[in-house]
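Chain residues, written in single-letter form:
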Amino acid sequence: MPVSSPPRPREATRPASGNARSPGPAPHRNTVRAGLRATARRLSRRVSREDVDVLALYALTRVGLWTTAYCAAWLFPADSRTRYAASPLSAWQQWDWWHYLRIARDGYFPGGACPGTADWDNREAFFPGFPFALRAVHAVVPDWTAAGLLISLASGAVAVLALARIARRYVPHPGVGRRAVLFFLLSPCAVFLAAGYTEALFLALALPAWLAAQRRAWPLAATLAALATTVRVSGLFLAAAIAVLFLTTVRAHRDGRALPWLLLPALPPLAYSAYLHSRTGDWMAWKHAEERGWYRDFHPPWEAWRNTWEAAFHHTVPTGYAVEFQAELLTMALGLLLTGFLLYRRRWPEATYTALTLAALGTTYWYMSLPRATLLWWPLWVVLAAWSLRTPRVRTAYVCLVAPLMTICALTFLTGRWAG
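Small disclaimer: the values here were computed from a predicted structure and weren't measured.

The rules behind the values
- Residues numbered from 1 in each chain as written.
- Predicted model: local features only at pLDDT ≥ 70, side-chain atom pairs only at ≥ 80, totals over all residues.
- Heavy atoms only, no water.
- Helix = DSSP H or I, 4+ residues; strand = E, 2+ residues; numbered from the N terminus.
- Buried < 20%, exposed > 50% of the residue type's maximum accessible area, 1.4 Å probe, protein only.
- Contact = heavy atoms within 4.5 Å.
- Areas by Shrake-Rupley, 256 points an atom, 1.4 Å probe, with all protein chains shown as cover.
- Core = buried A, V, L, I, M, F, W, Y, C linked by side-chain atoms within 4.5 Å.
- Polar contact = N/O pair within 3.5 Å; in protein donor to acceptor, adjacent residues only side chain to side chain.
- Axes fitted to C-alpha atoms, helices over the stretch in contact; angles between N-to-C directions.
- Parallel < 35°, antiparallel > 145°, perpendicular 65-115°, else oblique.
- Left-handed = near helix turned anticlockwise from the far one by under 90°.
- Nonpolar A, V, L, I, M, F, W, Y, C, P; charged D, E, K, R; others polar.
- Phe/Tyr/Trp six-rings, centres within 6.5 Å; stacked < 30°, edge-to-face > 60°.
- Lys NZ or Arg CZ within 6 Å of the ring centre and 35° of its normal.
- pLDDT = per-residue confidence, 0-100.
- Patch = residues over 30% accessible without salt bridge, like charges linked within 9 Å, V, L, I, M, F, W, Y side chains within 5 Å.
- Salt bridge = Lys/Arg side-chain N within 4 Å of Asp/Glu carboxyl O.
- Expected span 1.5 Å × (residues − 1).

1. Comments concerning the overall build of the protein chain
Here is step 1: Scanning the protein chain from N- to C-terminus turns up 18 helices and zero strands.
Here is step 2: Scored against the burial criterion, the 420 residues of the protein chain give a buried share of 45%.
Here is step 3: The contacts in the protein chain between residues at least 6 apart in sequence include a share of 72% that link residues at least 24 apart.
Here is step 4: Entry remark: accessible area of the protein chain is about 23000 Å², with carbon and sulfur atoms responsible for 63%.

Printed below as a string of structure tokens:
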């Protein structure tokens, strides 16, 4: 028995007049579609193929680091006889992370505690930008460690895009941005970009600030630099570099009215110092906390070099610490070479930034955290990228020699054996 087809819908009765037309799409719909197409065109112009490649490279290295963290939890447990691996997130709960967590969770002076009380952890040495961001993200992401990793993940993506665009402004070559990001992401201390630390967030503010300064968008550059100073004191070095760039271009471009904006980055550190003074009576409480906890009191540079050399080669500290001090010495030499090269090329603003960083880290009892500081030296990655374009073997040598160091440093950090 044949199955009858469903009845066709009754056609609408046409009006008798032959001049009537069927209604077309509403005018506001055409306007919305045109606006969406225009937005898509603008985004396609702003996001280049190299930007997509940079983000793909960033994603691949993140997967590699997370895989390393997972393996570290299984291969290097606290108890070698255990049959249950720790959570992969626990591998990221190392060293400075605990300071950021306590500040975000409990504040700077919980329960009225202050410097001088028993077991004080000198947390005021850490600027409030990252803990505040951690507190905000934690309102959405319940796990504190996951919230910190998410901040670094998003911030790192912004940072690598900005680094690639900065490199293209220095070197007009289609592949220079990818190369700069490659060297940056495979650097020995790149694990700190993925951890719940300040490096990624600082760069997500500092690199766009420098990009804005190169375009002479001084209010935007000053605002981003001010936000960077809430994360790390290195933001003041960035502000100094922006000021030097302003002074070297103000006559040519008549930007004198933007001069007051250059004072903006000094306000967050002043506000933080005022807050600490209100609680401790000390305007430089954050600096004195560094001196108490990390031996960051002032010493002449030759004394700092001598003390670091003795710790590195005179068998006065355990071997794990000694090799880190050796890395500190090597990084100081690299930083001096970079600063000298920038001065030779008359890159005064960039030389100012690296020189101030070296002066701050090279005038303490001994060098500490210099290898980590290389992540913040964007001129280094641009110089390496430009060099590799002239000498292709540079990239091959870098990948073969430096990438294994990144794996070693990542495992050292993720297993809790990093001290720098």
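This is not the end of the story, as more comes after the structure.
2. Things to note about the nonpolar core
Here is step 1: The biggest cluster of nonpolar side chains holds 116 residues, and the ones touching the most others in it are Trp92, Leu238 and Ile242.
Here is step 2: The dominant element in this core, judged by the number of residues it contributes, is helix 5 (residues 144-170), at 13 residues.
Here is step 3: For isoleucine 242, the contacting residues outside a window of four places in its chain are Ala209, Trp210, Ala213, Trp218, Ala221, Ala225 and Leu262.

3. So, unusual backbone geometry
Here is step 1: You will see that tryptophan 95, though not glycine, has its phi angle at about 50°, which is positive.
Here is step 2: Tracing the backbone shows tryptophan 95 in the loop between helix 2 (49-75) and helix 3 (96-106).
Here is step 3: You can call tryptophan 95 partly exposed: its relative accessible area is 39%.
Here is step 4: The residue arginine 216 is not glycine, and still its phi comes out positive at about 65°.
Here is step 5: Structurally, the position occupied by arginine 216 is in the loop between helix 8 (199-214) and helix 9 (218-229).

4. Some words on the side chain of arginine 123
Here is step 1: Relative to the helices and strands, arginine 123 resides in the loop between helix 3 and helix 4 (129-138).
Here is step 2: In terms of polar contacts, arginine 123 uses its side chain to reach the side chain of aspartate 121, at 3.1 Å.
Here is step 3: Apart from residues no more than four positions distant in its own chain, arginine 123 is found in contact with His99, Arg102, Ile103, Asp106, Gly107, Tyr108 and Pro110.

5. Comments concerning the packing of helix 2 against helix 5
Here is step 1: Running from N to C, helix 2 and helix 5 point in directions that differ by 140°, and their axes come no closer than 10 Å. By the criterion of interaxial angle, the relationship of helix 2 to helix 5 is oblique. The two elements helix 2 and helix 5 cross, and the hand of that crossing is right-handed. Between helix 2 and helix 5, the residues in contact are Glu50, Asp51, Val54, Leu55, Tyr58, Arg62 and Trp66 and Ser152, Leu153, Gly156, Ala157, Val160, Leu161, Ala164, Arg165 and Arg168, respectively.
Here is step 2: For the contact of helix 2 with helix 5, the per-class residue count stands at nine nonpolar, two polar and five charged.

6. Remarks on the packing of aromatic side chains
Given two aromatic rings, one states the distance between the centres and the angle between the planes to describe the pair.
Here is step 1: Taken as a whole and assessed by the stated rule, the structure comprises 27 aromatic pairs.
Here is step 2: Relative to tryptophan 120, the ring of phenylalanine 109 lies with its centre 6.0 Å away and its plane at 5°, an arrangement referred to as stacked. With phenylalanine 109 in the loop between helix 3 and helix 4 and tryptophan 120 in the loop between helix 3 and helix 4, this residue pair connects regions lying 11 residues apart in the sequence.
Here is step 3: Taking 6.0 Å as the distance between ring centres and 65° as the angle between the ring planes, the aromatic pair formed by phenylalanine 184 and tryptophan 381 counts as edge-to-face. In this pair, phenylalanine 184 sits in helix 6 (residues 176-185) while tryptophan 381 sits in helix 17 (residues 378-390), placing the two residues 197 residues apart along the sequence. Each member of the pair, phenylalanine 184 as well as tryptophan 381, is classed as buried.
Here is step 4: What links up through ring pairs into an aromatic cluster is the set Tyr100, Phe126, Phe130, Phe192, Tyr197, Trp294 and Phe413.
Here is step 5: Taking NZ or CZ as reference, arginine 372 lies 4.8 Å from the ring centre of phenylalanine 192, over its face.

7. Side note on the confidence of the model for the protein chain
Here is step 1: With 88% of its residues at a pLDDT of 70 or more, the protein chain shows a mean pLDDT of 89.
Here is step 2: For residues 1-22, every residue scores under 50 in pLDDT, and the model assigns this stretch one contact once sequence neighbours within four places are set aside.

8. A short note on the packing of helix 17 against helix 18 (residues 393-414)
Here is step 1: At a minimum axis separation of 7 Å, helix 17 and helix 18 run at an interaxial angle of 125°. Classified by the angle their axes make, helix 17 and helix 18 are oblique. Residues Trp381, Leu384, Trp387 and Ser388 of helix 17 form the contact with helix 18, whose participating residues are Val394, Arg395 and Tyr398.

9. Focus: a nonpolar patch on the surface
Here is step 1: A grouping of Tyr70, Trp74, Leu75 and Phe76 is seen on the molecular surface, where their side chains present a nonpolar patch of about 490 Å² in accessible area.
Here is step 2: Inspection of the secondary structure assignment puts leucine 75 in helix 2.

10. Notes on helix 17
Here is step 1: Spanning 13 residues, helix 17 covers 19 Å between terminal C-alpha atoms, matching the ideal 18 Å at 1.5 Å per step.
Here is step 2: Every buried residue of helix 17 is accounted for by Trp378, Pro379, Leu380, Trp381, Val382, Leu384, Ala385, Ala386 and Ser388.

11. Focus: the environment of valine 317
Here is step 1: As for its placement among the helices and strands, valine 317 is situated in the loop between helix 13 (301-313) and helix 14 (319-344).
Here is step 2: Ignoring sequence-local partners within four residues, the contact set of valine 317 consists of Ala311, Ala322 and Phe325.

12. A few points about the environment of valine 137
Here is step 1: Relative to the helices and strands, valine 137 is located in helix 4.
Here is step 2: The partly exposed category is assigned to valine 137, whose relative accessible area is 22%.
Here is step 3: When the C-alpha positions of valine 137 and leucine 150 are compared, they lie 8.4 Å apart, and in sequence the two are 13 residues distant.
Here is step 4: For valine 137, the contacting residues outside a window of four places in its chain are Ala147, Leu150 and Ile151.

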